[in-house]
Amino acid sequence: MNFNQRLECNTCKENIDCRIGMSNRDVQPISFACPTCGEGISIELNLGKGFKYKGAKSIHFEGPFTNENPFIDLHLDFPVKFGEYKMGHTPFMMAHARIGHENFHIHNTRLNALNLLYPKLDDFKRILRLYSKNTKLFGQLCETKFGEKLRSEKPQDLNLALYCVIAKVFFPFSMPDENADSVKLHMKAIHDALSKNKDSFNTYMSEIFDTGFLHNMQKDCLDIYPQILAGELAFRPALFLDFDDNYEEELVAFRVSAHDFQTYKDLYKDISEVMSRQLVLVAGLNNLIHRGDFNKFKDIGKTTPKTLHAYADLPYGFKVSHLDDCWYSIADGSVNNQLRNSIAHVKVEYNEIIQLITYFPKKEGIKQEKAEEIYFLDFMRNILISYREMHRMHQLIKCLFNYYYLIHQKAA
């Protein structure tokens, strides 16, 4: 279902023609910038309760649209093109044509899951908070809110319940079989490291536990998950791109109909920082597999880290260069260092009207001339890919915990 509405901007008093495609979400908050003055406009639809407007008012008109006014297509679930109004080219019809019936069904299944999961954000936050503070209440919430029974209060069973809840809540953000494939990859790496030198591997385990590093890494990862679920509105069009094979080739600007860049810029930076620290675990295992010592990196001269502790202090880009013939392959596009650094150093501009992010990654003194550009949809796609990489490496943390509780402690 679609609604055609003509709005009058409260700031500049210009008219805007909108075609609003309906989602299955119970509450549908849609936002955009006025094409004339750039002021924020939001429309909220509560199913059965109608529309609420902020920054504009709805005015009567005789349809159809004639492109005499700026036109905006809006839909929470799909990317929508900037451009002229074309009758019948609704967001739903255009999205279905882009990815086909089978892929559309998969995307719709994810959206329906998100519709059920996003109201549980506060419950999920409570579970994370209680995980290390009150095991009894933690177990009760896992069971009543997410159907996961806590077998016992042993650390391995607490982790089992926690990661089962995470798997349930965040499957819409993952690719099929991603979790199982990640665990299989990590378990093979642990097996290979053990086979190379069991004593060195156990020393590695003691190091990452005794220093608190593994627990701290787990907490850093857990801090990210609520932010991902809270951002499900803006991730919906980015999830659609999993199935849109022509998107990268067309280089056409697409609109995201929820929130804006300012809401999510710090999330991208935070995920990048977590991933940088996660690489310490990957590097330690890689050193064990290749050289039988988690502290020993491939010698490439003066820049070779002397220990895993020294490696942990390196920036992300330098960390990757020391993962020689690594058992773990980092997905392309997981981190755009230039974009991350530009955000961190507040060298970013955002055009709300066309949703274009301009950033300045070069060191230019007081000048800002060499700009890079990325649309907000692509930025949300970057966050999604980074999150998936962080989540894949979080599976390694889970595997290392399991080994420690089930094998390492008993052998000590």
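Use the structure listed above.
Treat the numbers as computed from the prediction; the structure is a model and nothing was measured.

A. Layout of the side chain of Gln218. Among the secondary structure elements, Gln218 is positioned in helix H7 (residues 213-230). Contacts of Gln218, omitting those with residues within four sequence positions, involve Tyr131, Asn159, Leu162, Tyr163, His394, Ile397 and Phe401.

B. Local environment of the sheet that holds strand E12 (residues 372-375). The 3 strands lie next to each other as E10-E11-E12, forming an open sheet whose pairing is antiparallel. Looking along the sheet, the strands with just one partner apiece sit at the ends: strand E10 (348-351) and E12. Between one strand axis and the next, the sheet turns by 20° as a mean value, whatever way the strands run. Pairing of strand E11 (residues 356-359) with E12 involves 4 bridges; the strand directions are antiparallel. Directly across from Thr358, in E12, lies its bridge partner Glu373.

C. Region of the structure containing the environment of Ser206. By the secondary structure assignment, Ser206 is in helix H6 (residues 198-210). Judged by relative accessible area, Ser206 falls into the partly exposed class, the value being 25%. In this structure, the C-alpha to C-alpha distance between Ser206 and Gln409, residues 203 residues apart in sequence, is 9.6 Å. Ignoring sequence-local partners within four residues, the contact set of Ser206 consists of Thr211 and His408.

D. Representation of unusual backbone geometry within the structure. If you check the backbone angles, Asn67 has positive phi at about 65° while not being a glycine. By relative accessible area, which is 32% here, Asn67 ends up partly exposed. Residues other than glycine seldom take positive phi values, yet Asp325 does so here, at roughly 45°. For Asp325, the location among the structural elements is in the loop between helix H12 (316-321) and helix H13 (337-344). Looking at Asp325, the relative accessible area reads 67%, which means it is exposed.

E. Structural detail: the environment of Pro79. Tracing the chain through its elements places Pro79 in the loop between strand E7 (71-74) and strand E8 (80-81). Spatially, the C-alpha atom of Pro79 lies 9.7 Å from that of Leu239, the residues being 160 residues apart in sequence. Other than its neighbours up to four places away in sequence, Pro79 contacts Pro237, Phe240, Leu241, Phe254, Arg255 and Leu377.

What counts and how
Residues numbered from 1 in each chain as written. Predicted model: local features only at pLDDT ≥ 70, side-chain atom pairs only at ≥ 80, totals over all residues. Heavy atoms only, no water. Helix = DSSP H or I, 4+ residues; strand = E, 2+ residues; numbered from the N terminus. Contact = heavy atoms within 4.5 Å. Pairing = 2+ DSSP bridges. Axes fitted to C-alpha atoms, helices over the stretch in contact; angles between N-to-C directions. Buried < 20%, exposed > 50% of the residue type's maximum accessible area, 1.4 Å probe, protein only.

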